[in-house]
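Commentary on secondary and tertiary structure
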Amino acid sequence: MRNVFASLTSRLVLVTVALVAAVTLLVTGATTVVLHGYLQRQLDDKVQEAFTRAEFPYRPGAPPPGTDPDGDGDLRGQMDGTVTARWYADGTGPYTERVATHETGEVTVGHLDEAQLTALRDVPTDGSAHSVHLPGLGTYRVIARTDAADTRLVAGLPTTDLDDTLSSLIGWEVILVLVATALAGASGVVVVRRQLRPLREVATTAHNVAAMPLATGDIELAERVPERLTDERTEVGQVGSALNTLLAHVESSLHARHESEQQVRQFVADASHELRTPLTTIAGYTELARRRPDDPATAKTALAKVEEESARMTAMVEDLLLLARLDSGRPLERRPVDLSRLLVEAVSDARVVSPGHKWQLELPEESIEVNGDAQRLHQVVTNLLGNARKYTPPGTIVTVTVTPQGFSVHDDGPGFPPGLAENAFERFARGDVARTRGDAGGAGLGLALVHAIVSAHGGSVSLESHPGSTTITVSLP
């Protein structure tokens, strides 16, 4: 039974049917109560009239109730089923009567037995109508009263007509409740299924996506909820729109994951290639020195080359370790750094190292200070100026501009190779050095370190490059 009502459709239909049944029962119950009260008041009025008539001596064969044959206003005719009982103060009685009207129109008078009299004797003499069950006759509404002479009089009428009317009404109400419940169930199934059809389409989209292999590879989630089901003014539209947004995020995340995997593979391949070259050089010169143990010149040259390649590998490994630490989110030192002074010193050093370039420095009137790691910020500046020095020909004008938001490095050299500017800040990103930007190429980690260090400071770095103008802008908080 629990599984039967597990679906949303079943639960909505069940709730609808329950509400319709509850409302119908409430209306029919209220109708029954109101009608019962109305009919009982009418019956009580008739019982009061019967009691009034019973106060006069009864004449068998009297005219029907409501007639006045004598013209004196005494209504002596009693209705069919009227019962009366009278007890006098002197102990005589009881005197009982029960009026019966036959199909032929004949009116006869019967009497009550002892059990029926016992039931009437227990009726309170307060002048109000009470319900009492008379054995053999059924339920009656009766009035009992004691007059000044201490005569006790009881008169009543059967509730047969009232009971029959209410029984008929209740029967029709039961049929109405059953029909209304059945109609509510049938129409509820149709309406709910039609209204939930868009939700099922959304669920189908979700199931289709869930069935796709998303573990590896470049995943394209072309599956989307139809546009007609993404109207956020409706509940289903909100679900559809949210699912489409989620799928877009998942698709971008999977694409980013694939690119990251590709970058890791490329990074490992590039790092292996970069380390293999100096290792091969070291192995070659070591072998040369081993073959010529008696040649001091060869040994000296081999040791110098081994030392050079070892320093190159050490610098590369240190750069990789720094990138790894920055990727892991390890915080940098945070202290006030005089950015203006740092750039003045870096440009002065660049003029000494590369006097063939024209170095220019534009400083604001007031010194610029930032919070950060002075050593790492110095590395950023050194890398940028080193790139400008290595990848531009002599005579190139390199301009460093300091602003309250950070600084920029501009040169009028040949610019980045086509297609490289977009990936300039990726690791091991290098162009065709022999063809474009100078005589010597590095490991391709300089700009990657710049981006990582600036990002760790909460800043950003951007690049604009075309032949004759290259600008790298560093923004720091």
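To be clear, the structure that these remarks concern was listed above.
Cut-offs used in this document
- Residues numbered from 1 in each chain as written.
- Predicted model: local features only at pLDDT ≥ 70, side-chain atom pairs only at ≥ 80, totals over all residues.
- Heavy atoms only, no water.
- Helix = DSSP H or I, 4+ residues; strand = E, 2+ residues; numbered from the N terminus.
- Buried < 20%, exposed > 50% of the residue type's maximum accessible area, 1.4 Å probe, protein only.
- Areas by Shrake-Rupley, 256 points an atom, 1.4 Å probe, with all protein chains shown as cover.
- Pairing = 2+ DSSP bridges.
- Axes fitted to C-alpha atoms, helices over the stretch in contact; angles between N-to-C directions.
- Contact = heavy atoms within 4.5 Å.
- Phe/Tyr/Trp six-rings, centres within 6.5 Å; stacked < 30°, edge-to-face > 60°.
- Lys NZ or Arg CZ within 6 Å of the ring centre and 35° of its normal.
- Patch = residues over 30% accessible without salt bridge, like charges linked within 9 Å, V, L, I, M, F, W, Y side chains within 5 Å.
- Salt bridge = Lys/Arg side-chain N within 4 Å of Asp/Glu carboxyl O.
- Lys, Arg positive; Asp, Glu negative; His and termini not counted.
- Charge placed at Lys NZ, Arg CZ, Asp CG, Glu CD.
- Left-handed = near helix turned anticlockwise from the far one by under 90°.
- Nonpolar A, V, L, I, M, F, W, Y, C, P; charged D, E, K, R; others polar.
- Expected span 1.5 Å × (residues − 1).
- Polar contact = N/O pair within 3.5 Å; in protein donor to acceptor, adjacent residues only side chain to side chain.

Some thoughts on the overall build of the chain
- For the chain, the helix and strand inventory stands at 8 helices and 13 strands.
- Within the chain, the fraction of its 477 residues that count as buried is 34%.
- Taken as a whole, the chain presents about 27700 Å² of accessible surface, with 56% of it coming from carbon and sulfur.

What about the sheet that holds strand β10 (residues 397-403)?
- Spatially, β8-β10-β11-β13-β12 is the arrangement adopted by the 5 strands of the open sheet, whose pairing is mixed. This sheet does not close on itself; its edge strands, each paired only once, are β8 (358-362) and β12 (460-466). Direction aside, neighbouring strands of the sheet carry axes that sit 10° apart on average.
- Here β10 runs beside strand β11 (residues 406-411); their pairing, made up of 6 bridges, is antiparallel. When the sheet's bridge partners are listed, Val400 is paired in β11 with Val409.
- Strand contacts of helix α8 (residues 446-456): β12 and β13 (469-475), with the helix running at about 145° to β12, the strand carrying the most contacts.

Thoughts on the sheet that holds strand β3 (residues 107-110)
- If you trace the 6 strands from one edge of the open sheet to the other, you get β3-β2-β1-β6-β5-β4, paired in antiparallel fashion. If you trace the sheet from one side to the other, it starts and ends with β3 and β4 (129-134), each paired once. For this sheet, the mean angle separating the axes of adjacent strands, direction not counted, is 25°.
- Note: β4 against strand β5 (residues 138-146), 6 bridges, orientation antiparallel. What sits directly across from Leu134, in β5, is Gly138.
- In the packing of helix α1 (residues 8-54) onto the sheet, contacts are made with β1 (83-87), β4, β5 and β6 (152-158), and the angle to β6 comes to roughly 140°.
- Set on the sheet, helix α2 (residues 114-121) makes contact with β1, β2 (95-101), β4, β5 and β6; between it and β4 the angle comes to about 155°.

Let's talk about unusual backbone geometry
- Positive phi is not limited to glycine here, since Asp150 has a value of about 65°.
- Of note, Asp150 is situated in the loop between β5 and β6.

What to know about the packing of aromatic side chains
- Evaluated as defined, the whole model comprises 1 aromatic pair.
- When the centroid spacing of 5.6 Å and the interplanar angle of 70° are considered together, the rings of Tyr88 and Tyr95 count as edge-to-face.
- A relative accessible area of 36% means that Tyr88 is categorised as partly exposed.
- With relative accessibility at 47%, the residue Tyr95 sits in the partly exposed group.
- Against the face of Trp87 rests Arg152, its NZ or CZ located 5.7 Å from the ring centre.

Points about a negative patch on the surface
- Among the surface-exposed residues, Asp80, Asp161, Asp163 and Asp164 lie close enough to one another that they form a single negatively charged patch.
- Tracing the chain through its elements places Asp164 in helix α3 (residues 160-210).
- For Asp164, a relative accessible area of 47% puts it in the partly exposed group.

Notes on the packing of helix α7 (residues 374-390) against α8
- The N-to-C vectors of α7 and α8 enclose an angle of 150°; their axes lie 9 Å apart at closest approach. Relative to α8, the crossing made by α7 is left-handed. In contact with Arg376, Gln379, Val380, Asn383, Leu384 and Asn387 of α7, α8 contributes Gly446, Leu447, Leu449, Val450, Ile453 and Val454.
- Residue composition of the contact of α7 with α8, by class: 7 nonpolar, 4 polar and 1 charged.

Details of the environment of Ala388
- Relative to the assigned elements, Ala388 resides in helix α7.
- When its relative accessible area of 3% is taken as the criterion, Ala388 is described as buried.
- In the structure, Ala388 is positioned 24 residues away from Asp412 in sequence and 9.7 Å away in space, judged by C-alpha atoms.
- Those residues in contact with Ala388 that lie beyond four places of it in its chain are His357, Val398 and Asp411.

Let's talk about the environment of Gly110
- Its location among the elements puts Gly110 in strand β3.
- Relative accessible area serves as the criterion here: at 27%, Gly110 is assigned to the partly exposed category.
- Setting aside residues no more than four positions away along its own chain, Gly110 makes contact with Thr96, Glu97 and Arg98.

Points about the pairing of β2
- As paired elements, β1 and β2 share 4 bridges and run antiparallel to each other. Looking at β2, one finds that Ala85 is bridged to Thr96.
- Of the strand pairs in this sheet, β2 and β3 are connected by 4 bridges, and their pairing is antiparallel. Paired with Arg98 across the two strands is Gly110, which belongs to β3.

Topic: helix α6 (residues 339-353)
- In a regular helix each residue adds 1.5 Å, so 15 residues correspond to 21 Å; α6 covers 21 Å between its end C-alpha atoms and thus fits that length.
- Contact partners of the buried residues in α6: β7 (335-338), β8, β9 (369-372), α7, β10 and β11.
- Its side-chain oxygen at 3.2 Å from the backbone nitrogen of Ser340, Asp338 defines the N-terminal cap of α6.

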